[in-house]
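Breakdown of the fold
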Amino acid sequence: MVSKTEKLLFITTVVIVIIAMAYAIVPMTILREKYIFQISDGLDGFGGKAQFVHDKGTLFNPNKNVNFANADISKHYFAISYDLYTVLSYGLGYLAGQIITRIAGVLIGFFALQGLLKYIYQNRTELQTNIIYLVSVAYAITPLSPSRMFAFATLPLVVQLFLNLRNKTKYTLLSLFAFVIPFFSMFTAVLVFVLCLWAFFTVVCWIKDKKININLCLSFLFLCFSTIILYRYILLEALSSGETNRALITASTSDFWLRFKVYLQDGQYHSSGQQGLVLLPTLFLMTIWIVIYSIKYRKNEN
């Protein structure tokens, strides 16, 4: 029997998710080609590159030269990786890719974190179940750059996979799922940390258990192999003798603390967030609700 509290929580959850997705995609859906994607500095030209490659139809033809500024250049200069976000934006067009990314990112983030928390708290009370729903909503609607939405949304799945493999003493085909993690991630923002932390905690488990976990080791190899395949342009740039725009534009050490302070206040320094309008008020109201519900729950238990 579903209680009134659970019904109310479910309705609240659905409403918040719908509002968050509508806020992100309705303007793009209505305005379509007239929608303006702002570029705050000279380094974030992803939208233009994505639409250009889409129009030329060269996403899966890396060796084909394309005409740009009255010159034929290699598609390698567009630094195309084959993660899900890039494939959607380059394959379907930037606008369609953005709409699908923002809808799928919210939904995946909600169900992924909910699944992880339920896996961790298997013997949970009604209060813990309700908190899991609220925390999952907050995680799902956290404002992010679209290029990072899939990466952050699937992080709980990565953690749950690691925990599952951690508890397996014999080889399991479950380790093969590590091969698809880079497809949903982003190397420069999330995946590089996933690789480092996976390797680190594999060593920790080895020291603690005094034996090597074959599943964690194989999964790490699958992660590395898949990363090299999907992000091979990074290797091409690293092995290249030419300079890149990222190397030319660097922040001095004296600017670090100033930039860090601005980041804490406004988010990414060249693209200020809107956390003060949506995220923080939502988290504040959820926190109050959790505190009040916790007090009532403990009184009823006593």
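Residues numbered from 1 in each chain as written. Predicted model: local features only at pLDDT ≥ 70, side-chain atom pairs only at ≥ 80, totals over all residues. Heavy atoms only, no water.

**Let's talk about the overall build of the protein**
- Broken down by element type, the protein carries 14 helices and 2 strands.
- Evaluated residue by residue, the protein yields a buried proportion of 34% over its 302 residues.
- Taking as baseline every contact in the protein between residues at least 6 positions apart, the subset at least 24 positions apart corresponds to 69%.
- Summed over all atoms, the accessible surface of the protein reaches about 19,000 Å², with 66% contributed by carbon and sulfur. (Helix = DSSP H or I, 4+ residues; strand = E, 2+ residues; numbered from the N terminus. Buried < 20%, exposed > 50% of the residue type's maximum accessible area, 1.4 Å probe, protein only. Contact = heavy atoms within 4.5 Å. Areas by Shrake-Rupley, 256 points an atom, 1.4 Å probe, with all protein chains shown as cover.)

**Points about the pattern of salt bridges**
- Enumeration according to the criterion identifies 1 salt bridge in this entry.
- One salt bridge in this structure joins D209 and R166, with 3.0 Å as the shortest N-O distance. Placement of D209 in helix α9 (residues 187-209) and of R166 in helix α7 (residues 155-166) is noted, with a sequence separation of 43 residues between them.
- A relative accessible area of 21% places R166 in the partly exposed class. (Salt bridge = Lys/Arg side-chain N within 4 Å of Asp/Glu carboxyl O.)

**Considering the nonpolar core**
- If you look at the biggest cluster of nonpolar residues, it comprises 29 residues, and the most contacted ones within it are L161, I181, L191, W198, L216 and L223.
- Looking at this core, the elements that each hand over two or more residues are α2 (46-56), α3 (84-92), α6 (146-153), α7, α9 and α10 (214-230).
- Here this core gets 7 residues from one element, more than from any other, and that element is α9.
- In terms of nonpolar packing, the next biggest core, distinct from the first, is built from 13 residues, L9, L134, A140 and I141 among them. (Core = buried A, V, L, I, M, F, W, Y, C linked by side-chain atoms within 4.5 Å.)

**A closer look at unusual backbone geometry**
- Phi is positive for K210, close to 60 degrees, though the residue is something other than glycine.
- On the secondary structure map, K210 appears in the loop between α9 and α10.
- Residue K210 is classed as exposed on the basis of its relative accessible area, which comes to 75%.

**Things to note about the state of the cysteines**
- Under the definition given, this model contains 0 disulfides.
- Cysteine C217 is unpaired, with the sulfur of C205 as its nearest cysteine sulfur at 9.8 Å.
- When its relative accessible area of 28% is taken as the criterion, C217 is described as partly exposed.
- A disulfide-free cysteine, C224 has its sulfur positioned 9.4 Å from the sulfur of C196, the nearest such atom.
- Residue class for C224 comes out partly exposed when judged on its relative accessible area of 25%. (Disulfide = S-S within 2.5 Å.)

**As for the side chain of T101**
- Secondary-structure assignment places T101 in helix α4 (residues 94-120).
- T101 gets classed as buried once you look at its relative accessible area, which sits at 0%.
- Leave out the neighbours within four places in its chain, and T101 touches Y85, L88, P146, M149 and F150.

**Side note on the packing of aromatic side chains**
- For the structure on display, the rule yields 6 aromatic pairs.
- On the numbers, 5.3 Å between centres and 80 degrees between planes, the contact of F183 with F184 is edge-to-face.
- Accessibility expressed as a relative area gives 29% for F183, which makes it partly exposed.
- Residues F200 and F201 carry aromatic rings whose centres are separated by 5.1 Å and whose planes lie at 80 degrees to one another, so their mutual orientation is edge-to-face.
- Its relative accessible area of 39% is what places F201 among the partly exposed residues. (Phe/Tyr/Trp six-rings, centres within 6.5 Å; stacked < 30°, edge-to-face > 60°.)

**Some points on the packing of α4 against α6**
- Packing of α4 against α6 brings their axes to within 8 Å, and their N-to-C directions diverge by 25 degrees. By the criterion of interaxial angle, the relationship of α4 to α6 is roughly parallel. Between α4 and α6 lies a crossing whose hand is left-handed. Within the contact between the two elements, α4 uses Q98, T101, R102, A104, G105, V106, I108, G109 and A112 and α6 uses P146, M149, F150 and A153. (Axes fitted to C-alpha atoms, helices over the stretch in contact; angles between N-to-C directions. Parallel < 35°, antiparallel > 145°, perpendicular 65-115°, else oblique. Left-handed = near helix turned anticlockwise from the far one by under 90°.)

**Section: α6**
- Counting buried positions over the 8 residues of α6 gives 6, a clear majority of the element.
- Of the residues making up α6, those classed as buried are P146, S147, M149, F150, A151 and A153.
- Contacts made by the buried residues of α6 are with α3, α4, α5 (126-140), α7, α8 (181-184) and α9.

**A short note on the confidence of the model for the protein**
- Residue-level pLDDT values for the protein average 77, and 74% of them are 70 or greater.
- Averaged over each element, pLDDT in the protein is lowest for helix α12 (residues 245-248) (56) and highest for α7 (92). (pLDDT = per-residue confidence, 0-100.)

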